[in-house]
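What follows is the residue order along each chain.
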Amino acid sequence: MKKITLIGLGALMGLSAQAGGMLTNTNQNVAFNRMMSREASIGIDGVYSNPAGVAFLPEGIHLSVNWQTAIQSRTVKNEYAPFAYNANNTSNEREFKGKAFAPVLPSVQFAYNFKDWSLQANFSLGGGGGKCEFDNGLGSFERIVANTGLGVTQLAAGIDEASQKLSALGIKDPGLSKLFKSPAYTYDSYMRGSQFFWNISLAGAYKVNENLAVAAGLRGVIAKANYYGYVKDITVSGVPLSMVIDKTKPNSANIELNCDQSGVGFTPFIGVDVKTGQFNFSAKYEFKTRLRLKNKSVNLAPSIGNLPQVLALDYGVELLNPQLVQKYEGTPYKEIVAGAQNTLIGKMTEFGKTFDEGLEHSLGEFEDGTSIASDIPALLTLGAGMKVTDQFTVNVGFHYFFDKQATSYGHREKLLKRGTYEYNAGVEYDLNKKVTLSAGWQNTNYGTTDAYMEDKSYVVNSNSIGLGACIHASKKVDVNVAYFTTLYGHKKMTETDANTGLEYKSDFTRANNVLGVGVDFHF
């Protein structure tokens, strides 16, 4: 039951419907969507992917305006025996599906080249970019409620059994097991999260000679997020759980999260591009972004620390009444009664303490007025391109995200075995003077472990495929159109529930589709 605290962790759902690492969108220009491998390409999109290479563009102003639409779904299948106690669905298998939709993902890249210099600016959505909703909550939420149903009925039976053993002393049996006669439960749950990491960068590049260029810049990150979710209206055996917490308050057993987060960070980056014959090579390194998110929250959290008093006063559980022992003062029954009382109160007190401390620990990430760590990892990119013929180009690239060195809340990064790496490849073919066709592929492999994976924060290894075209409308205008889809694998895992000792199985996967149109201007 202590895992009831996890309602708040939707903040880590990784709402991005983009390509890239855990917190980074690498598709900041539609040219990436149609080719996937842009690290060694020389174009206005290089303001993000290859800033040094932009220095090789002709003198003048270069501007790229892009619009993308992303649609994503997250699906988690769970299997847990106590799910069968759900009064509305007696199967022990569940499927929870979250939908994320980002209708407009804008980005703008700008460069002004003069002589050997290039001044550059970029505005884009560097992380997040959508709203993800789980209309029925998550499996971890229902697992909480199922365990609660079991715990309440077992507790009721234990109190009755202890009272009945002492019934000869006149101790009243409240018959709680008749009230909570089965673990059958109902509940209502919902989770929604949105996350936007806006990027504004300024950079400069210098063409050392006709074969070498270098670049350096600074990116500002403005982070905004909102998370809302609840687990409410819990009943066990048809009885509202609030009746054993505070019967005067119908919402006393509800858990609710409503948190806005905001923060600002800065990312220095450097790059180099080397041209030799028909080949082009590039490298870029983005330093870690130290990001602290400030919470502004209105949360609702129950407490069951006073459970023994509630049962004693509201339900007449005489064995839990602290004055009961005095009744047997001076009799041989005092130690027997005191022992039974201490055993029950001790179990409930420990249960309440675990519940309350766990709730405080997990919701602490969203406690009003606090700041939490959410670093964006450093990123190394390498690229190589080859002009096979005047019409045909082949590119390959590599990304490595230093996830384990990026501090997150509770140092969750320590659960990773390594950072994320990506391989990509792309081709371009000039069909004629007006149309360039392209296609690309990217493989993303995360360094996750079973301990890291959970339905509120998971990533799955994938392969992305993109295709599209660049239409050369005139000497000064190019139009990029593209579509890419991400094919995710499945991550299956089994864990043993700490409360029940039963197996809890999970199967994680996702789906992702992005459409984009961009227009490049050259003056």
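Conventions used here
- Residues numbered from 1 in each chain as written.
- Predicted model: local features only at pLDDT ≥ 70, side-chain atom pairs only at ≥ 80, totals over all residues.
- Heavy atoms only, no water.
- Helix = DSSP H or I, 4+ residues; strand = E, 2+ residues; numbered from the N terminus.
- Buried < 20%, exposed > 50% of the residue type's maximum accessible area, 1.4 Å probe, protein only.
- Contact = heavy atoms within 4.5 Å.
- Areas by Shrake-Rupley, 256 points an atom, 1.4 Å probe, with all protein chains shown as cover.
- Lys, Arg positive; Asp, Glu negative; His and termini not counted.
- Charge placed at Lys NZ, Arg CZ, Asp CG, Glu CD.
- Phe/Tyr/Trp six-rings, centres within 6.5 Å; stacked < 30°, edge-to-face > 60°.
- Core = buried A, V, L, I, M, F, W, Y, C linked by side-chain atoms within 4.5 Å.
- Disulfide = S-S within 2.5 Å.
- Salt bridge = Lys/Arg side-chain N within 4 Å of Asp/Glu carboxyl O.

Participant: Help me out: how do you make sense of the overall build of the chain in this one?
Facilitator: In terms of regular secondary structure, the chain is built from 7 helices and 18 strands. Expressed along its principal axes, the backbone C-alpha trace of the chain runs to roughly 100 × 40 × 35 Å. For the chain, with 523 residues in total, the buried portion stands at 53%. The contacts in the chain between residues at least 6 apart in sequence include a share of 74% that link residues at least 24 apart. Working note: accessible area of the chain is about 22200 Å², and carbon and sulfur atoms make up 58% of it. Considering the chain, the positive charge centre built from 49 side chains and the negative charge centre built from 48 side chains are found 3 Å apart.

Participant: How do you make sense of the packing of aromatic side chains when you look at a structure like this?
Facilitator: Centre distance and the angle of the planes are the two values used to describe a pair of aromatic rings. Tallied over the full model, the rule gives 20 aromatic pairs. A centroid spacing of 6.4 Å and a plane angle of 45° characterise the contact between Tyr185 and Tyr187, whose relative ring orientation is tilted. Tyr187 carries the same exposure label as Tyr185, and that label is buried. Ring centres of Tyr458 and Phe508 lie 4.9 Å apart, and the angle between their planes is 45°; this geometry places the pair in the tilted category.

Participant: Would you mind going over helix H5 (residues 307-314) with me for this structure?
Facilitator: Residues separated by three or four positions in an α-helix point in the same direction, a consequence of the helix having 3.6 residues per turn. Taken together, the buried positions of H5 are occupied by Leu307, Pro308, Val310, Leu311 and Ala312. Looking one or two residues past H5, Gly316 carries a phi angle of roughly 65°, positive in sign.

Participant: Is there a simple way to explain the nonpolar core in this structure?
Facilitator: In globular proteins that are soluble, nonpolar side chains generally tend to be buried together. Formed by 49 residues in total, the largest nonpolar core has its most connected members in Ile159, Leu311 and Leu320. Of all the secondary structure elements, the ones that give two or more residues to this core are strand S2 (93-114), strand S3 (117-134), helix H3 (139-165), strand S4 (185-207), strand S5 (212-236), strand S7 (255-276), H5 and helix H7 (334-363). When neighbours within four sequence positions are excluded, Leu311 is seen to be in contact with Ile159, Leu176, Val244, Gly316, Val317, Leu320 and Met348. Met36, Ala70, Phe484 and Val514 belong to the second largest nonpolar core, which has 8 residues in total.

Participant: Just to check I follow, could you spell out the state of the cysteines for this structure?
Facilitator: Here, disulfide denotes a covalent bond that connects the sulfur atoms of two cysteines. One pass over the structure, following the stated rule, counts 0 disulfides. For Cys259, which is in no disulfide, the shortest distance to another cysteine sulfur is to Cys132 and amounts to 17 Å.

Participant: Help me understand the pattern of salt bridges, please; the structure alone is not making it clear to me.
Facilitator: A side chain of one charge can pair with a side chain of the opposite charge when the charged atoms of the two come close. Across all of its chains, the model carries 17 salt bridges by this definition. We note a salt bridge from Arg143 to Asp497, for which the minimum N-O separation is 2.8 Å. Highlighted residues: Arg143 in helix H3 and Asp497 in the loop between strand S17 (491-496) and strand S18 (503-522), separated in sequence by 354 residues. Each of Arg34, Arg38, Asp45 and Glu428 takes part in one network of salt bridges that share partners.

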